[in-house]
Amino acid sequence: MNQNQSLFKDAIRADYWQLVNRNLLAKIFSEFMYEELIETKIYKLSDDSYEHHLVINRDLKYIFTASPRIFGSWQVIPESICCINKNNKSSELQVGNFIASIYQQIGIDGLTVGHLIRELNHTLIADCHLLANPQNINQHLLALESAAELEGFMRAHPWFIVNKGRLGFSYDEYLTHAPESANLQQLSWIAIKSSCAEYKAIKNLDYKKLILNELGTEGIRKFDTEMNNAGLNPEDYFYMPIHEWQWQRQIIQLFAREIALKEIIWLGKSSDCYLPTQSIRSFNNQTDKSKFQVKLPLSIFNTAVYRGLPNERTRLAPLLTAWIKEVYSQDKFLQQTGLIMLGEVASINCPHPVYNQLQGIPYQYQELLGVIWRESVSNYLASDEKVITMAALIHIDNQNQPFIMDLIASSGLSINQWLEKLFTVVIPPLLHWLYKYGVVYSPHGENTMLVLDENNYPKRLVIKDFIDDVNISKSDNEALMNLPDELKKVLYRLPDADLAQFIQTGLFVVLYRYLSDILATYACYPESQFWESLYQVITKYHSEHPEFATRIEEINILKPQFKKLTLNRLRLLEVGYADYAARPKVESTGVVDNPASKFSWGNWDEKRFSIIDKKVS
């Protein structure tokens, strides 16, 4: 840890620790109220401000100020939070103390709360490191040339309260591998006997072509020499990258037989340097940005799941990409939108020889070893374009300033003008895939990117992560009838009425809920105006595509309410930290008003007061 002592001292400081605890408490209060895990007594302070009293017991309560938001959630002011213990106001706020005081009231069991407090501490330490980075200010972020560089400054999933848990990493491993460390990393490589693995790719991308692209002649020669010196024939093996943590913590222990029999050979590191994304397991090449993004299994527990690569989905990723690209190539509307679809063009899947025979085992053992190569967005950009992760739109920098405010200011547009361009870029292609093809993506901030022009105007949408997040209609249309049977067996198939949920939750709740809140908080931009602007873009697409009238009516994306998913509730009350044979699926808990519906935004200014006043003590 010696080389990391200075980072440790710079980040783990009393003032930072208090600030990140206060900020995370504000998030916990907001999300727990949204998911109805806690209930407060509310006292009106002004037209848009309310004091909340969260009573834990006779001696302990938390008091904070918050403003109502259109989703039925609250914008909690971190600076307003205070803890009253036996009539004494505490100057120190600790997330762990709060959880310890309330977990039984919420219904969290002892096993879950023990792991939860650990994961919260991991998240807080990561927040300290983000706070200690002097470059995490919008002036610097706006000047960055690529989304890959921007990734390291993001604050991870906006909804999960434990969004940087990374259970499995030591502190040194965290500093080495986490995106906020922004460490340029050389990938480790192994050779695996071709009889133990399967290579799949889109047309015209055979294994030798891909490896030449990734390693170059010198890199291949280096690894061939390693193989020859071991008395092995390189032609009998696939070369593939592997996360060094995965090799040390999983592969050596679980594939010891294959290593002993020289079916798996450690080769060392390649020469190119990469930066990890927020998912930690995906890497963007910084030596040559035109090369593929690399997605690797990493069996740490982070944001509710182990981050491996499921065997069957890894194997089928290129097949799904080929189908999506074929549909796209024949659709003039999608092409006219400028939509960029980053294909998962090749993969190597290596199922464990014993675990792969078993049913009902923890899913983490079915996703240990493999790789997916994804197209680089750099190859799609014009010289006057740049791309940012969509998550940047809800980023708050270390000066407590929203990135979106400086981004819009740099464009010279008003907030309304900029949002109209954003919605026009994002919404039509998503609706088109939904209505015409019965295909939905998960368009949250990490699965999508935004291409900006030279003026920082929104210009094009980028979608990625197909095999993990594409869902399709149960009703076969012409396109889905041509979907390969292997994919029909693996992809989730849903009734048409449920498909809209992936836009309503993945985009409206997971991204726009926070974006509209930020603009209301920092720019006094009315939420009703935000959602009306989105509504106008949706209805404009509807009016321009009468051929989808029946589908539009059946799916009804603008219906007054939709299912309310509760990510934190799922984790804390339903699945905890247990192992399961499949990744847990989020179930709905009631309904939430759809802010894109005219029923919601059209009456919000009046409705919010009538709703809140009923709760006011």
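You'll find the structure just up there.
The rules behind the values
- Residues numbered from 1 in each chain as written.
- Predicted model: local features only at pLDDT ≥ 70, side-chain atom pairs only at ≥ 80, totals over all residues.
- Heavy atoms only, no water.
- Helix = DSSP H or I, 4+ residues; strand = E, 2+ residues; numbered from the N terminus.
- Buried < 20%, exposed > 50% of the residue type's maximum accessible area, 1.4 Å probe, protein only.
- Pairing = 2+ DSSP bridges.
- Axes fitted to C-alpha atoms, helices over the stretch in contact; angles between N-to-C directions.
- Contact = heavy atoms within 4.5 Å.

(A) View of unusual backbone geometry. For N204, which is not a glycine, the phi torsion comes out positive at approximately 70 degrees. The topology assignment puts N204 in the loop between β8 (198–201) and α8 (207–229). Residue classification places N204 among the exposed residues on the basis of a relative accessible area of 61%. For K262, which is not a glycine, the phi torsion comes out positive at approximately 60 degrees.

(B) Summary view of the sheet that holds strand β12 (residues 293–295). With respect to topology, 8 strands assemble into an open sheet ordered β8-β16-β17-β12-β11-β10-β7-β9, the strand pairing being antiparallel. Strand pairing shows two members of the sheet lacking a second neighbour, β8 and β9 (237–242), which therefore form its edges. The average angle at which neighbouring strand axes cross in this sheet is 25 degrees, direction not considered. Pairing between strand β7 (residues 185–193) and β9: 6 bridges, direction antiparallel. Bridge pairing in β9 places K193 opposite Y237. Each of β7, β8, β9, β10 (264–276), β12, β16 (344–349) and β17 (370–374) is contacted by α8, which is oriented at about 130 degrees to β10, the strand it contacts most. Across the face of the sheet, helix α11 (residues 311–329) comes into contact with β8, β16 and β17 while running at roughly 155 degrees to β16.

(C) Highlighting the sheet that holds strand β19 (residues 439–440). On the basis of which strands lie adjacent, the open sheet formed by 3 strands has the order β19-β22-β23 and mixed pairing. Where the open sheet ends on each side, the last strands, each with one partner, are β19 and β23 (492–494). Where β19 lies against strand β22 (residues 471–473), 2 bridges are found, and the strand directions are antiparallel. Note that in β22 the partner of V439 across the bridge is I472.

(D) Main features of the environment of L499. Take L499: it is sitting in helix α18 (residues 496–499). In this structure L499 comes out as buried when scored by relative accessible area, which is 0%. As a C-alpha pair, L499 and Y16 span 483 residues in sequence and 42 Å in three-dimensional space.

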